[in-house]
Amino acid sequence: MVFKPIKPNPHNLSFTSIFHRCKSMKEFKQSHTQLIIRGLTHPPPSLRPVISFSALNPSGDINYALLLLFQSSTPPAIFLLNTVIRGLARSSFTDSLSSSLLVFRHMAELNLAPNNFTFTFLFQACSNSGAFELGQQFHSRVIKNFFGMDVFVSNSVIQLYSVCGKLDDARRVFDESIKLDVVSWNSMINGYVKYGDISEALNMFKEMPERNDVSWNSILGGLVKYGCLDDAYRVFVEMPQRNLVSWVVMISGYAQNGQPKEALALFREMQSLAQEPNSAILVSVLSACSQLGALDHGSWVHSYIKKKHMRMDSILSTALIDMYAKCGSIELAMQVFSSSREKDVSAYTAAISGLAMNGRSNKALQLFEQMKGEGISPDSISYIAVLCACSHVGCVEKGFEYFASMSDVHGIRPELDHYACMVDLLGRAGLLEQAESFITSMPITPDNVIWGALLGACRVHGNAEIGQRVGNLLLKSDQYHDGRYILLSNIYAESMKEKDSEEVRKTMRRRKIKRVPGCSLIEMNGVVHEFSAGDRSHEKVGEIYLMWEEIVKEIQNCGYKAETRAVVFDVEEEEKEAIIGYHSEKLAVAFGIIYTKPGSTLRIVKNIRICNDCHSAIKLVSKVFNRKIVVRDRKIFHHFEDGFCSCMDYW
DNA sequence: TTAGGGTTAG
């Protein structure tokens, strides 16, 4: 190992200033080593900046700070001990609270009395670990020592009690405080927002003597959290000034509430105001791109990150992996995954589910094993991803092994979503009776999603008997869900029970249930084009329809025959063909074939699942026109190439 | 010194 020598010191710089010049932990450790080599072990003035940097800097190392603190030959000052507790409180290190307690006890061993700073940081450490009772003990010490007079201390107590959901306790401290400031008010408001009392939060917001950016952002965050996006936007517009956090809250609010187009529009507005986005904003923009399947926008964000040399933390790389995977570019997703240095359980999960939804479930299962091999424990979400992968490749036995290992090996209790994956696994494999008895023997009450998974499987395997039982159950318990009616009606239609099929449609009409119209998106040169079935609103409508008719002629020569069983039974055969013949994905394919270079890949995003007819038509289009066509439906990707689909006709 | 923001599944 070669150490960089400390440069000659023409200006007689102290060691302290040498440490100040270091830019990274590596440089720090090198300079520190030099000190030890020169026999100048731990002179207190130079120890201080190393510990502070290691404890507080985002690229520091809190464990190194602890090591230096406890190995110090000269007793550290109270300031330094406080700094380390402060660093521990803000770190995400799992043992940070117990380490804070060690430092606190070390203080007593050194006969140093804790001060108001010490307690502020200790309360912060308790807040971050949700350690309400420990915090209460410190609170009694604070009251005895009159540290509660300090507004920083009382604010950190209010913060602790509100994040733990003890709003009455927090309010008591707030009401009894001699001095309140804007931070005290904000902590109370955040507590109310966090635990769902938005009206009390709004009351306090109105009563506040002064408001800064944080108070506005808290209210904005509260409205977004409870899905009141329109109210939130009104606040966003009215705010006296918006900072970066306001933009993050609003853009992420749209992205998380299924309004990705609004998220992108707001991001464009932000750019037009020459505001530089930070990593949190880009994460939300990437999530919006994922939802829209907007690869062009998403890759632009990726190049922006590279151009600005932004730090690739695990959240940002997870968002990138997810974006590429959900835009059907699984190769690029895996490139980001391989090159990212910080691979945590979320990055793995994004990659695993990305592989599974892109028809590479065996790879997904391998990656899950690799993750465990790296010593990263799977969490509840990664189990959903791996169970889905099992389901796509029909690995029933393996799926049950994983399901058992959740609680046996990792102590994770399976939730409804995991049971739904298991029902899907059995159902897809055609084991419908087993799936039904699995549901009835579940230790928790099955919900509509679980019965829905079984109904979907009955459709795939054409089982009208179980389908009828489950479908009628769902039509009672999930009356407003359009998909249940359509599935059941199609199950009947496909097993030639035309009367029953029509009866379901009638019930649907009687109950005034509107069917969510299918639509397909295709992005071209940064513009998203949207089509619905039989849509005539696109400006190039004439060309598009002509092209599809041409395409049909071509693929008919290769054996294409329109499949019309699963459509409304009260229309004539010809009309059925007309309805199904211009499904939104077909129009998007025709548009793509006209306006893209021969041989280039078409990427289409659909809001509902693809139907049998479109699936077989697009398979042939990929062969006849020599195009890769990627269709993302509600659940998975279909990579069509040379007459085949990555889903192996199983979806 | 104390308060507000981001990802993965279904």
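Residues numbered from 1 in each chain as written. Chains lettered and ligands numbered in written order. Predicted model: local features only at pLDDT ≥ 70, side-chain atom pairs only at ≥ 80, totals over all residues. Heavy atoms only, no water.

- The name that an unreviewed UniProt entry assigns to chain A is DYW domain-containing protein, with the source organism given as Liquidambar formosana.
- Under the heading Sequence similarities (unreviewed entry), UniProt records this for chain A: "Belongs to the PPR family. PCMP-H subfamily." (UniProt positions renumbered as here; feature names shortened; annotations may be inferred.)

Describing the overall build of chain A
Then step 1. In terms of regular secondary structure, chain A is built from 34 helices and six strands.
Then step 2. Overall size of chain A, expressed as C-alpha extent along the three principal axes, is 90 × 55 × 55 Å.
Then step 3. In chain A, buried positions account for 49% of the 651 residues.
Then step 4. The contacts in chain A between residues at least 6 apart in sequence include a share of 63% that link residues at least 24 apart.
Then step 5. Looking at chain A as shown, the accessible area adds up to about 32,200 Å², and 53% of this sits on carbon and sulfur atoms.
Then step 6. One way to put it: in chain A the 70 positive side-chain charges average out to a point 5 Å from where the 69 negative ones average out. (Helix = DSSP H or I, 4+ residues; strand = E, 2+ residues; numbered from the N terminus. Buried < 20%, exposed > 50% of the residue type's maximum accessible area, 1.4 Å probe, protein only. Contact = heavy atoms within 4.5 Å. Areas by Shrake-Rupley, 256 points an atom, 1.4 Å probe, with all protein chains shown as cover. Lys, Arg positive; Asp, Glu negative; His and termini not counted. Charge placed at Lys NZ, Arg CZ, Asp CG, Glu CD.)

Some points on the UniProt feature "repeat: PPR" (unreviewed entry) in chain A
Then step 1. According to UniProt, the positions carrying the feature "repeat: PPR" (unreviewed entry) are residues 181–215, 243–277 and 344–378.
Then step 2. Overall, residues 181–215 shows 74% helix and 0% strand. The separation of its end C-alpha atoms is 12 Å.
Then step 3. Counting secondary structure, residues 243–277 comes out at 74% helix and 0% strand; the distance between its end C-alpha atoms is 11 Å.

What about the protein's contact with DNA strand B?
Then step 1. In the region of DNA strand B, 40 residues are neighbours, and Asn217, Asn243, Asn278, Ser279 and Cys388 sit closest.
Then step 2. The sugar-phosphate share of atoms of DNA strand B within 4 Å of the protein amounts to 48%.
Then step 3. The side chain of Asn212 places a nitrogen or oxygen atom 2.8 Å from a base nitrogen of DNA strand B.
Then step 4. In the environment of DNA strand B, a phosphate oxygen lies 3.2 Å from a nitrogen or oxygen atom belonging to the side chain of Lys326.
Then step 5. If one sorts the elements of the surface near DNA strand B by residue count, helix H15 (residues 244–256) sits on top with five residues. (Near = heavy atom within 4 Å. Polar contact = N/O pair within 3.5 Å; in protein donor to acceptor, adjacent residues only side chain to side chain.)

Observations concerning the sheet that holds strand S2 (residues 527–532)
Then step 1. What the six strands build is an open sheet, ordered S2-S1-S3-S4-S5-S6; its pairing is mixed. At either margin of the open sheet sits one strand with a lone partner, and together these are S2 and strand S6 (644–645).
Then step 2. Two strands pair when backbone bridges link them, and strand S1 (residues 519–524) and strand S3 (residues 602–606) are joined in this way by three bridges, in the antiparallel orientation. Paired with Leu521 across the bridge in S3 is Val605.
Then step 3. In this fold helix H17 (residues 279–292) packs onto S1, S3 and strand S4 (629–632), with an angle of close to 105° to the strand it touches most, S4. (Pairing = 2+ DSSP bridges. Axes fitted to C-alpha atoms, helices over the stretch in contact; angles between N-to-C directions.)

Brief notes about the nonpolar core
Then step 1. Formed by 154 residues in total, the largest nonpolar core has its most connected members in Phe138, Ile251 and Leu454.
Then step 2. With sequence-adjacent residues up to four places away left out, Phe138 is seen in contact with Leu101, Phe104, Phe119, Leu122, Phe123 and Cys126. (Core = buried A, V, L, I, M, F, W, Y, C linked by side-chain atoms within 4.5 Å.)

Quick look at the pairing of S3
Then step 1. Here S3 lies mainly inside the structure; four of its five residues are buried.
Then step 2. The sheet contact formed by S3 and S4 spans four bridges and is parallel. Following the sheet pairing, Val605 is matched in S4 by Arg632.
Then step 3. In this fold, S3 hands off to helix H34 (residues 612–624), which returns the chain to S4; that crossover is right-handed. (Right-handed = clockwise from strand over helix to strand, strands pointing away.)

Structural notes on helix H16 (residues 260–272)
Then step 1. Between its first and last C-alpha, H16 extends 19 Å over 13 residues, near the 18 Å set by a 1.5 Å rise per residue.
Then step 2. Turning to H16, its buried residues are Pro260, Ala263, Leu264, Leu266, Phe267 and Met270. Across the axial projection of H16, the buried residues extend over an arc of 160°, all falling on one side.
Then step 3. Looking at the buried residues of H16, the elements they touch are helix H14 (229–238), H15, H17 and helix H18 (295–307).
Then step 4. At the C-terminal side of H16, Ala274 shows a positive phi close to 60°. (Expected span 1.5 Å × (residues − 1). Arc of directions from axis to C-beta.)

As for the domain arrangement of chain A
Then step 1. With domains assigned, chain A is organised as domain 1 (421–510) and domain 2 (519–645).
Then step 2. Taking only C-alpha atoms, the centre of domain 1 and the centre of domain 2 are 27 Å apart. (Domains from an automatic or database assignment.)

What about the confidence of the model for chain A?
Caution applies to low-pLDDT regions: their predicted coordinates should not be interpreted in detail.
Then step 1. The pLDDT averaged across chain A works out to 89; a share of 90% of its residues lies at or above 70.
Then step 2. Considering only residues more than four positions removed or in separate chains, one finds that residues 1–13, a stretch of pLDDT under 50, has 14 contacts. (pLDDT = per-residue confidence, 0-100.)

Details of a nonpolar patch on the surface
Then step 1. Among the surface-exposed residues, Phe146, Met149 and Ile178 lie close enough to one another that they form a single nonpolar patch of about 400 Å² accessible area.
Then step 2. By relative accessible area, which is 61% here, Phe146 ends up exposed. (Patch = residues over 30% accessible without salt bridge, like charges linked within 9 Å, V, L, I, M, F, W, Y side chains within 5 Å. Salt bridge = Lys/Arg side-chain N within 4 Å of Asp/Glu carboxyl O.)

Here we look at the packing of helix H19 (residues 314–326) against helix H20 (residues 330–339)
Then step 1. One can describe the packing of H19 onto H20 by two numbers: an axis separation of 7 Å at closest approach and a directional angle of 165°. When the axes of H19 and H20 are compared, the pair comes out roughly antiparallel. Relative to H20, the crossing made by H19 is left-handed. Taken together, the residues of H20 that come into contact with H19 (itself represented by Ser317, Leu320, Ile321, Tyr324 and Ala325) are Ile330, Leu332, Ala333, Val336 and Phe337. (Parallel < 35°, antiparallel > 145°, perpendicular 65-115°, else oblique. Left-handed = near helix turned anticlockwise from the far one by under 90°.)

Some points on the pattern of salt bridges
Then step 1. Tallied over the entire structure, the rule returns 20 salt bridges.
Then step 2. The partner of Glu494 in a salt bridge is Arg459, and the shortest N-O contact between them spans 2.9 Å. One end of the pair, Glu494, is in helix H29 (residues 482–494); the other, Arg459, is in helix H27 (residues 448–460), and 35 residues separate them in sequence.
Then step 3. Measuring nitrogen to oxygen at the nearest pair gives 2.5 Å for the salt bridge that ties Lys586 to Asp613. Taken together, the positions of Lys586 in helix H33 (residues 584–595) and Asp613 in helix H34 put the pair 27 residues apart, joining distant regions of the chain. Per residue, the accessibility class of Lys586 equals that of Asp613, and both read buried.
Then step 4. Residues joined in a network through salt bridges with shared partners are Arg171, Asp175 and Glu200.

A closer look at the environment of Ala201
Then step 1. Inspection of the secondary structure puts Ala201 in helix H12 (residues 198–207).
Then step 2. Judged by relative accessible area, Ala201 falls into the buried class, the value being 0%.
Then step 3. When the C-alpha positions of Ala201 and Met188 are compared, they lie 7.8 Å apart, and in sequence the two are 13 residues distant.
Then step 4. Setting aside residues no more than four positions away along its own chain, Ala201 makes contact with Ile189, Tyr192, Val193 and Ile219.

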